[in-house]
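Residues per chain, in single letters:
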Amino acid sequence: MNAATSIEAPPYQVLLYYRYVPIADPEAYMKEHRALCESLELKGRIIVGEEGINGTVSGTYESTQKYIQAMHDDPHTSDMEFKIDPAEDHTFPKLSIKVRSEIVTLGLPGESDIDPNQLSGERLSPREFYEKMQEEDVVIIDGRNDYEADLGHFKNAICPPISSFREFPDWLRDNAQDLQGKKILTYCTGGIRCEKLSGYIRKEGFEDVYQLEGGIVKYGKDPEVQGRDFEGLCYVFDQRVGVEVNHTDTKKVISHCRYCGTEEPHYGNCKWPSCNEQIFVCPSCREENGLYCGPECRAEAEKDAAPEAE
Ligand SMILES: [Zn+2]
Ligand SMILES: [Zn+2]
């Protein structure tokens, strides 16, 4: 690398990507891919299946650039789009590559499964999505789980109270009445869940269905919209937990300390290991009460710890 890049390049990068593309022998592909990632000392989570590949990895600037090049040299992923974040260090503790039947776990039963290349909502760029949100008769559906939406979501979005995507079909059926005749917009972290989610909504009989291409992550990086009207942080499945999206005057914190109600943008995990729930506790309440859901979790944690105490 020349001097100019080394001045501007961050020490590490985090990559997020997916592609729905037929992979004939996922097992062989996975083994080869693991060798590539190990040689580049990447860490993160990658899922390979007959329907494609989905991953998020961290590595040094140089090795992530080499990885992108290697993926672009592979005919399966020659036009893969990468969402790239700078980082100070690895954001994953280890590397995990697995073969699964679905590259993102939606758990739609056999005959309801969707091929996004056949049936999907209309893909909108960040700018088109922002403009569509301003129209009449629009319903914005957060396609993620409740704990992700609690950290941040689009203004006026409906956030289904579900803890896994498997629960989405039931939620949709229960709420179908309210969605009749509306323009339905869906979004998720990087766009992959909406590929099938929006297709599934269409399959359930709704016609005006749109999805945010590239998800919240791309929306936040778009030079025009700059994350406008996304409130809170975007939940990510690595050690950063939450990342900034909104770089405009509409930025705000939507999460609050469970003890005192003050604004608190960061998740912590309840320190009672059997609970480990993700909760919002502000720094001063952490000092006073510890990082616990409440007195019960704290009492249980102290009981567990007691026998070891000398
Ligand atoms: Zn507090
Ligand atoms: Zn707890």
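Basis of the calculations
- Residues numbered from 1 in each chain as written.
- Chains lettered and ligands numbered in written order.
- Predicted model: local features only at pLDDT ≥ 70, side-chain atom pairs only at ≥ 80, totals over all residues.
- Buried ≥ 20, exposed ≤ 12 C-beta atoms within 10 Å, placed from the backbone.
- Helix = DSSP H or I, 4+ residues; strand = E, 2+ residues; numbered from the N terminus.
- Pairing = 2+ DSSP bridges.
- Expected span 1.5 Å × (residues − 1).
- Arc of directions from axis to C-beta.
- Contact = placed C-beta atoms within 7 Å.

Judged by how many residues are buried, strand β3 (residues 52-60) sits mostly within the fold: eight of nine residues are covered. Sheet analysis places strand β1 (residues 12-20) next to β3, joined by nine bridges and oriented antiparallel. Within β3, the position partnered with Tyr-17 by the bridge is Gly-55. Of the pairings in the sheet, the one linking strand β2 (residues 43-49) to β3 comprises seven bridges and is antiparallel in character.

In this section: helix α3 (residues 61-73). Residues three or four positions apart in an α-helix share a direction because the helix packs 3.6 residues into each turn. Between its first and last C-alpha atoms α3 spans 19 Å; for 13 residues at 1.5 Å apiece the expected length is 18 Å, and the two agree. Residues of α3 that are buried include every one of Thr-64, Tyr-67 and Met-71, and no others. All buried residues of α3 lie within an arc of 55° about the axis, which places them on one face of the element. Exposed side chains of α3 directed beyond 90 degrees from the buried face belong to Gln-69 and Asp-73. Of the surrounding secondary structure, the elements contacted by the buried residues of α3 are β1 and β3.

For the rest of this paragraph, the subject is the pairing of strand β4 (residues 83-87). Going residue by residue along β4, you find Lys-83, Asp-85 and Ala-87 tucked away on one face and Ile-84 and Pro-86 left uncovered on the opposite face. Two strands pair when backbone bridges link them, and β1 and β4 are joined in this way by five bridges, in the antiparallel orientation. Paired with Val-14 across the strands is Asp-85, a residue of β4.

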